[in-house]
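Survey of secondary and tertiary structure
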Amino acid sequence: RRLVQAVRPGDTVARLGGDEFAVLLDGHNRYLTPSVVAERIQELLRQPMLVDGHELFAPASIGLATGDNVDDAEALLRDADAARYIAKGKGKSQVEVFSPEMHTRMKHRLTLATELRRAVGAGELALRYQPIVELATSRIVGFEALVRWRHPDRGMVMPTEFIPLAENTGTIVALGRWVLIEACAAISSMHAATQPDRRPVTVTVNLSARQFQEPNLAADLASIAIEAGVQPSSIALELTETTLMDDVESALATMDALKAYGFRLALDDFGTGYSSLSYLKRLPLDILKIDKSFVSGMSTPQGEGMIQTILRLGDTFGLSTLAEGIETDEARVRLRDMHCTYGQGFLFAEPLRRKEAVALIADDAPLGEGVASGAEPSTAR
Ligand code: C2E
Ligand code: CA
Ligand code: CA
């Protein structure tokens, strides 16, 4: 009804399916351009909808295309959809006008999505392991598993390039299972290399929101671990605040199930999402990961204050704290002195191959202590 209000009597409004709608403007003039109509639609959608006494907002991403260079309706819809896709990527309530260059980008994405789906089964994925260090002792207590794609033509592709794609296409579910299977194999060889008097390491694995929607996630992950002969307590699963936001109640149920199997849970990138203190109290977490943006900003008094606040929060809720992105010795020492539990970052080591990670465990030397007297020089680059 809102869409119909935004157009003239001769125009067409249709629902394509799901939450997608199409508006066909039958000719336009200098004053009533598609952009003007799009702005009118946005304006009308900015008003809340009253449902069951609740005010709901339904912002829209709008793509515009003109029929000037196309011969059929299908091509027109395809162009508008490509523009809408780009608009959506830019955030809420954006409008984009189609350009031929968008078509190329969509095609590229489609190729990449197909290749990625194949890559999971074709052995093109690899894991790197970044050491996590106990700041008080500089000893390795674990690793974060980070995925890479060894693309046959493009070389090493980083996860920021393909994880969002895998999430959008659903490939993340198969990819995520592969990551856990591979991480379990690594844990076994890491534990085999551990000195008898040392605590076995924990490996953390990232979970996407999309994986969290899988109905049997907890049981599925637990059976992967058990089949590999790895205790779920040797695995920490990292989730982000955005993962939890989608549906807090069902996320809570999944987290409780994961905890019941013995997995440890970490909240990744803490402070960058929409954290609310009331959630933090309810979530069965073990570790709070302080995002690297806070660590890189800690040289100012305000930045340090932020870190202090997060550390105190962790304390209040009985959580361990882990600072990500530690690149300097100053940051390491300061965080250690502020009683942050763990640290991770290029100062200690970049993400390593499995063999290198296992060698570090066998070595059992402190990591990242710059000039500390008597300490062995760091073996990591
Ligand atoms: P993240 O979970 O926040 O991972 C940390 C990222 O910071 C990694 O990038 C790591 O290489 C980088 N990093 C580590 N130390 C430092 C440092 O001292 N300084 C700076 N500037 N960066 C540092 P990477 O490996 O490119 O991963 C990027 C993101 O991709 C990850 O962010 C995570 O969200 C996602 N990701 C990686 N592997 C997986 C996976 O197996 N599954 C899922 N769902 N997501 C993954
Ligand atoms: Ca992570
Ligand atoms: Ca992170």
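In the block above lies the structure referred to throughout.
Residues numbered from 1 in each chain as written. Chains lettered and ligands numbered in written order. Predicted model: local features only at pLDDT ≥ 70, side-chain atom pairs only at ≥ 80, totals over all residues. Heavy atoms only, no water.

**Quick notes on a nonpolar patch on the surface**
- Among the surface-exposed residues, Val4, Val13 and Val23 lie close enough to one another that they form a single nonpolar patch of about 190 Å² accessible area.
- Counting through the fold element by element, Val4 comes out in helix H1 (residues 2-6).
- A relative accessible area of 51% places Val4 in the exposed class. (Patch = residues over 30% accessible without salt bridge, like charges linked within 9 Å, V, L, I, M, F, W, Y side chains within 5 Å. Areas by Shrake-Rupley, 256 points an atom, 1.4 Å probe, with all protein chains shown as cover. Salt bridge = Lys/Arg side-chain N within 4 Å of Asp/Glu carboxyl O. Helix = DSSP H or I, 4+ residues; strand = E, 2+ residues; numbered from the N terminus. Buried < 20%, exposed > 50% of the residue type's maximum accessible area, 1.4 Å probe, protein only.)

**Quick look at the site of ligand 1**
- Taken together, 23 residues lie around ligand 1, and Arg148, Ser208, Lys292, Glu327 and Phe346 are the ones closest in.
- The contact in question runs from a nitrogen atom of ligand 1 to an N or O atom on the backbone of Val147, over 3.1 Å.
- Here a nitrogen atom of ligand 1 sits 2.9 Å away from a polar atom, N or O, in the side chain of Ser208.
- Listed by contribution, the elements that provide at least two residues to the shell around ligand 1 are strand E8 (139-151), helix H5 (159-169), helix H6 (172-193) and strand E12 (264-270).
- Here the shell around ligand 1 gets four residues from one element, more than from any other, and that element is E8.
- For the shell around ligand 1, a count of residues per class yields 10 nonpolar, six polar and seven charged. (Near = heavy atom within 4 Å. Polar contact = N/O pair within 3.5 Å; in protein donor to acceptor, adjacent residues only side chain to side chain. Nonpolar A, V, L, I, M, F, W, Y, C, P; charged D, E, K, R; others polar.)

**Describing the coordination of the calcium ion (ligand 2)**
- Taken together, the protein donors to the calcium ion (ligand 2) comprise Glu144 (OE), Asn206 (OD1), Glu238 (OE) and Asp268 (OD), at separations of 2.1 to 2.3 Å.
- Of note, the donors binding the calcium ion (ligand 2) are all from one chain and are spaced E-x61-N-x31-E-x29-D.
- A spacing of 3.9 Å is found between the calcium ion (ligand 2) and the calcium ion (ligand 3), which share Asp268 as a donor. With a gap of 62 residues between them, Glu144 in strand E8 and Asn206 in strand E10 (residues 202-206) connect regions that are remote in the sequence.
- Look at Asn206 and you get partly exposed, because its relative accessible area is 29%. (Donors = N, O, S within 2.8 Å, 3.2 Å for Na, K, Ca; no water.)

**Observations concerning the packing of aromatic side chains**
- Throughout the structure, instances matching the rule amount to one aromatic pair.
- For the pair Trp149 and Phe162, a centre-to-centre distance of 5.7 Å together with 80° between the ring planes defines the contact as edge-to-face. With a gap of 13 residues between them, Trp149 in strand E8 and Phe162 in helix H5 connect regions that are remote in the sequence. Summarising the burial analysis for this pair, Trp149 and Phe162 share the class buried. (Phe/Tyr/Trp six-rings, centres within 6.5 Å; stacked < 30°, edge-to-face > 60°.)

**A look at the pattern of salt bridges**
- Counted by the stated rule, this structure contains 23 salt bridges.
- Note that Glu238 and Lys289 form a salt bridge whose closest N and O atoms lie 2.6 Å from each other. A residue pair is termed long-range when its members are at least 10 positions apart, and Glu238 in strand E11 (residues 235-240) and Lys289 in strand E13 (residues 287-290) qualify at 51 residues. As far as the burial class goes, Glu238 and Lys289 line up, both buried.
- Residues joined by salt bridges that share partners form a network here, namely Glu144, Glu238, Lys289 and Glu324.

**Points about the side chain of Ser208**
- Tracing the backbone shows Ser208 in the loop between E10 and helix H7 (209-212).
- Exposure remark for Ser208: the relative accessible area of 8% places this residue in the buried category.
- Side chain to side chain, Ser208 and Glu167 meet in a polar contact 2.7 Å long.
- Non-local contacts of Ser208, meaning those with residues more than four positions away in its chain, are made with Ile163, Glu167, Ile172 and Thr243. (Contact = heavy atoms within 4.5 Å.)

**Let's talk about the environment of Asp268**
- As for its placement among the helices and strands, Asp268 is situated in strand E12.
- Placed 22 residues apart in sequence, Asp268 and Asp246 show a C-alpha to C-alpha distance of 16 Å.
- Asp268 has contacts with Asn206, Glu238, Leu239, Thr240, Glu241, Lys289 and Glu324, leaving out every residue within four places of it along the chain.

**Considering the nonpolar core**
- Among the nonpolar cores identified, the biggest contains 83 residues, and Leu175, Met190 and Leu335 are the most heavily contacted of them.
- A per-element tally of this core places H6 first, with 11 residues. (Core = buried A, V, L, I, M, F, W, Y, C linked by side-chain atoms within 4.5 Å.)

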